[in-house]
Amino acid sequence: MITLLGAGAAWRSAGSDRVTRIRRGDYLFITWKGDHPPRHVHAFRDGKLIVKWNLDDSEPIEGRATRRIRRRIAELEREKHL
């Protein structure tokens, strides 16, 4: 379970050793080890979910990914963070 506290990027998560949180620019990207398929990342901005992105098929599951978000996700994948 993850709970957003306020509009900032204050997060409380159960099993935080399984959670990867990376801030890039105005975005916070979150993944969970062992989460349900397909492999995906959640992208937040100003405390709101912008997109839930399918990493296997490179397409949105929920929301809309701007070009900037897609570039950030590609960077994180190249750097082996996702």
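Residues numbered from 1 in each chain as written. Predicted model: local features only at pLDDT ≥ 70, side-chain atom pairs only at ≥ 80, totals over all residues. Heavy atoms only, no water.

Q: Describe the nonpolar core, and please don't skip the residues or the numbers.
A: As a rule of thumb, soluble globular proteins bury nonpolar side chains together. Residues Ile22, Tyr27, Phe29, Val41, Ala43, Val51, Trp53, Leu55, Ala65, Ile69, Ile73 and Leu76 constitute the largest nonpolar core, which totals 12 residues. Contributions of two or more residues to this core are made by strand E4 (27-32), strand E5 (40-45), strand E6 (48-54) and helix H1 (67-78). Top element by residues in this core is H1. It accounts for 3 residues. Apart from residues no more than four positions distant in its own chain, leucine 76 is found in contact with Ile22, Arg24, Phe29, His81 and Leu82. (Core = buried A, V, L, I, M, F, W, Y, C linked by side-chain atoms within 4.5 Å. Buried < 20%, exposed > 50% of the residue type's maximum accessible area, 1.4 Å probe, protein only. Helix = DSSP H or I, 4+ residues; strand = E, 2+ residues; numbered from the N terminus. Contact = heavy atoms within 4.5 Å.)

Q: Just give me the short version of the side chain of histidine 40, but keep the residues and values in it.
A: Relative to the assigned elements, histidine 40 resides in strand E5. On the basis of relative accessible area, histidine 40 is assigned to the buried category, the value being 7%. Of note is the side chain of histidine 40, whose polar atom sits 3.1 Å from the side chain of aspartate 35. Looking at histidine 40, its side chain comes within polar contact range of the main-chain oxygen of proline 38, at 2.7 Å. Setting aside chain neighbours within four positions, we find histidine 40 in contact with Thr31, Asp35, Lys52, Trp53, Asn54, Leu55 and Ile61. (Polar contact = N/O pair within 3.5 Å; in protein donor to acceptor, adjacent residues only side chain to side chain.)

Q: Describe the confidence of the model for the chain, with residues and values.
A: The predicted model of the chain averages 84 in pLDDT, with 79% of residues at 70 or higher. Note on residues 1-13: pLDDT under 50 across the span, and 26 contacts to partners over four residues away in sequence or across chains. (pLDDT = per-residue confidence, 0-100.)

Q: Can you break down unusual backbone geometry residue by residue, with the values?
A: Here the bond from proline 37 into proline 38 is cis, since omega is -5 degrees, no more than 30 degrees from zero. Within the fold, proline 38 resides in the loop between E4 and E5. At serine 58, a residue that is not glycine, the phi angle is positive and equals roughly 50 degrees. A relative accessible area of 49% places serine 58 in the partly exposed class. Not every positive phi belongs to a glycine, and lysine 80 is a case in point at roughly 65 degrees. Among the secondary structure elements, lysine 80 is positioned in the segment after H1. Residue classification places lysine 80 among the exposed residues on the basis of a relative accessible area of 72%.

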